Structure formats: structure tokens, C-alpha cells
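# Observations on chain architecture
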Number of protein chains: 2
Amino acid sequence: MGAVKSKRVPRAVRERQMLDAAVLTFARRGYRAASMDEIAEVAGVSKPLVYLYLNSKEDLFSTVIRRESEALVAAVTAAVEPGGTADRQLWSGLEGFFAHTAEHPDGWAVLHQQARTHGEPFAHQVAAMRTEIVAFVTELLGAAAKEAGCVGELAEREVAGLAHALVGAAESLAEWANVRTDEGASGEREHPSAKDTAATMMNFAWTGLGRLTGGERWAPGGLAVDREGRSAARG
Amino acid sequence: MGAVKSKRVPRAVRERQMLDAAVLTFARRGYRAASMDEIAEVAGVSKPLVYLYLNSKEDLFSTVIRRESEALVAAVTAAVEPGGTADRQLWSGLEGFFAHTAEHPDGWAVLHQQARTHGEPFAHQVAAMRTEIVAFVTELLGAAAKEAGCVGELAEREVAGLAHALVGAAESLAEWANVRTDEGASGEREHPSAKDTAATMMNFAWTGLGRLTGGERWAPGGLAVDREGRSAARG
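Anyway, here's the lowdown on the structure attached to this text. (Residues numbered from 1 in each chain as written. Chains lettered and ligands numbered in written order. Predicted model: local features only at pLDDT ≥ 70, side-chain atom pairs only at ≥ 80, totals over all residues. Heavy atoms only, no water.)

### Regarding the nonpolar core
Ranked by internal contacts, the top residues of the largest apolar core, which has 134 residues, are M201 and F204 of chain A together with M201 and F204 of chain B. Ignoring any residue separated from it by four or fewer positions in sequence, one finds M201 of chain B in contact with F204 of chain A together with L94, F98, L166, A169, A170, L173 and W206 of chain B. (Core = buried A, V, L, I, M, F, W, Y, C linked by side-chain atoms within 4.5 Å. Buried < 20%, exposed > 50% of the residue type's maximum accessible area, 1.4 Å probe, protein only. Contact = heavy atoms within 4.5 Å.)

This is the structure:
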């Protein structure tokens, strides 16, 4: 440790800096091309310190996946408004998901692309997080179905299928929302806002394409708006 | 070639046998653990013949991904009933997708799991196929929106978002439908039928969770059925 020239910074803070640098580097370069040299440079520490704290590139990647997974699950579960109507709960959860992935595009790229692409151990880590989210959504949809009195119809099995469909749709939409390339003449990256993406998702999953092509839309007030914008909707 | 003991079988037939064996082995063992020895054995040919025809394990995997991608895209596009109503077209395309993935679970495992997990070149191949399917669905949804007269509302951008959501949902549902483990006491694997999975998907995407929790369902006749099963629906 004496050989490392660095200011006296608590270990936890140093580690966070390294993990932040690793997320950024893994997301932008890709796992294989990312080097420990670059990660150390971005973190503003020496490479030996990175090895001392986080052992190896594999371990660092694994630690990053764990941290980003936990942050995403925490963001989604915290966003859901407890005790709200089913659509309100779903809306708030989706908003949490799209807000978190939009605010942490590098973290999302690590989870959704890098972790799944570079071998089974990492892919399993991210699959475990996904299982947790699917279980959470299954519970939410199951409660909504029960509340609406359709226990017999939306059988447990179909609720599980619907939860998988919902999670797959949200993942795919988050990828699309975050990796879109420049379109505007201004040269700015024109990403849809997290609220817009969550609304697209609600229109898809809650309203359904059938009503949607008929001009109806879902709005945060819980009211579908028809083609002429009738029926007041507020957020 | 003289060293290889094998009956006179046309090259194309031999190659197909090798690719079939490779799909099965990659899906069940995983790309890394799959050996050329095992693939040759499953195909009933010598290992040198596999190398002679397909060069290397990497090339073989890449050829397998290409073949399975083309088969899946062909199955989906061929399944869509031309000239039908929007929901009918979507239903037929989804049925084609779920039927193909249910009939070829190993091919689907190669595309959806193996190809994405073992490095960027393979992941890019499968991403290219996905882009093709998303473009196809975008066109289908765009036509449906136009047909319903909501050109201004379902703007091009939202249609693209909805197509991504739909494809992500279908992928996730196909994974769930095919990897479910034993549940029944009989010890048989109890997979939902392709029709059931397609119906779950239509209930989700076409009917919407809002109507679904109210007891409505989508049915192939194009009519939603209410909780008491009113309004005739037929396939």
C-alpha cells in the first residue's frame, strides 16, 4: 500500500470511484476491450490499487454487475406506489425503471448487453436479477387480477406468462430508448424522456394495441383518452 | 477425404446432418462445453469430416446461427396472413413465431441464449436477425395504425417503440414457454401449446392488461370475450 501514491481517501470511497470508472469503461469499450489501465486512469488511481481492491478484471466485472443489479431492483421496487390502483402501481414501477435506466445508461448497457454477452457466469448473475424482477411483477399482476375479481380467469400460470411478456417488453424498450442514435439536425442525441417511454409501455401493455389503433391512449390519471382528446386525464 | 469412412451421401445432406447435430449439442451442452467430437458422433460422421466441411467450431456455430435465424424469420413472415385485419395479421405472425420456437426449442436456445452469451461476433449475428424482425413488426403496426386512421397519433416514433416492446415481449414469453421445468406429477414436461402462448401474447399486447383484468380476453375471431364468456369467438 505504501507504494501507491494517492491521497488519504477512505477505502469505500475509493472503491466506489473504481466501480464507477469500471461501469463507464465496460459500457463504452465492451468487456473484452476494456483494460484495467484505462479503468485505473478513469478512476484516478494506480492500476495496482485496482487489483489490490478488486482482485481481477473478472471479479471487478462481477462486482459491477452485482452493484448495478441491486441498484436497478431497488429503484424499481422503491418507485411502485404502495396501495395505488393496479395501473397506477404499474405506471409508477415502469417510470422508476425507465428513469433509472435513462439516468444510468452505462449501468444498463453493462447489465443488458455486456453481462449477457461475455460468458455464462456473468449471464447467470444478470438472469438472477431478472428472475427477481419477474417475481415482483408477477406478484403485482396477480394482485391486480385478484382485485379485479378475475381469479379464475387470469390463472396463476397466465399471470406468470404476462409478467415475462411485460419484463421482456420493458427491457427491449429501454434498450431502444437508450441506444437510439442521432436523428435531429442539431446533432444532439434525441432520446425520449423516461416519462414518454413509460407512457409508450403503458399504452402497449395496459391499453393494448387494439384500443391504441382506435386512437385511445392511457394517461397517468388512469383514464384512456380518445382520438379527439376527450375525457380529462391528468398526471 | 479418402481416410473418411462414410457412405456416399451428398455433401448437402451430410452438411445438414452436421448442422442438426450442432444445434442439438450447442443447445444442450452450451457453446463452450460442446465438443466437435460429440457433434461428429451425434451426426454419425468422423470429426475430420466436420472440420473439412465446416472448418472450425467458431465457423460451425456461426453457420448454425445463420441457418436458425433464417428459418425463424422465414417462419414468422410466412405465417402472417396477408390482407387480414391488423389483429389477425399479428395473431398469425405470433402463432408462427411461437409454433416455430416450440417445434425447434434447440434452435431457439441457440439463438436466444447461446448466441448472445458467447462473444460479440455471435451476438451481432443474432442482433441483425432481431433488427429484421423488428422492422417487419414496425411495418405491420404502422399499417395497422394507418388503417385505423390514427396517423398523427401513433407517430412513426411510437410505432417503432411499440414494435420493440412487442418483440421483446414475444422473446421473453417464448423463453418462458420453452424452458419451463416439470410441474406435473406425471413427470412430463408441461409446456403451454404454441396457440396458448400466442393467445397470452395477444391478450397482453392487443387487449391490454386494463381490459384483461376486467375479465375481457382476445380470441382469434377478433372479438374480446367478457368475464361470463359472452360474445361468440371462433378461430
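### Some remarks on the packing of aromatic side chains
Taken as a whole, this structure holds 15 aromatic pairs over all chains when the rule is applied. With a centroid separation of 4.8 Å and 65° between ring planes, the pair formed by F26 of chain A and F61 of chain A is classed as edge-to-face. Note that F26 of chain A is positioned in helix α1 (residues 11-29) and F61 of chain A in helix α4 (residues 57-79), a separation of 35 residues in sequence. The buried category is assigned to F26 of chain A, whose relative accessible area is 0%. Centre to centre, the rings of Y31 of chain B and F122 of chain B are 5.4 Å apart; their planes meet at 70°, and the pair counts as edge-to-face. Remark: F122 of chain B occurs in helix α7 (residues 120-147) and Y31 of chain B occurs in the loop between α1 (11-29) and α2 (36-43); sequence separation between them is 91 residues. The pair formed by Y31 of chain B and F122 of chain B is uniform in burial state, with each residue classed as buried. Taken together, the ring pairs connect F26, Y31, F61 and F122 of chain A into an aromatic cluster. Lying over the aromatic face of Y53 of chain A, R11 of chain A brings its terminal NZ or CZ to 4.1 Å of the ring centre. Note that K57 of chain A overlies the ring of Y31 of chain A, its terminal NZ or CZ placed 4.9 Å from the centroid. (Phe/Tyr/Trp six-rings, centres within 6.5 Å; stacked < 30°, edge-to-face > 60°. Helix = DSSP H or I, 4+ residues; strand = E, 2+ residues; numbered from the N terminus. Lys NZ or Arg CZ within 6 Å of the ring centre and 35° of its normal.)

### What about the relation of the copies chain A and chain B?
Each copy of the sequence occupies a distinct position, and chain A is placed on chain B by a rotation of 180° and an axial shift of 0.0 Å, giving an RMSD of 0.0 Å. Both copies are brought into coincidence by an operation consistent with a two-fold rotation axis. Most of the interface of chain A is mirrored in chain B, where 100% of its interface residues again form contacts. (Least-squares fit on C-alpha atoms with pLDDT ≥ 70 in both.)

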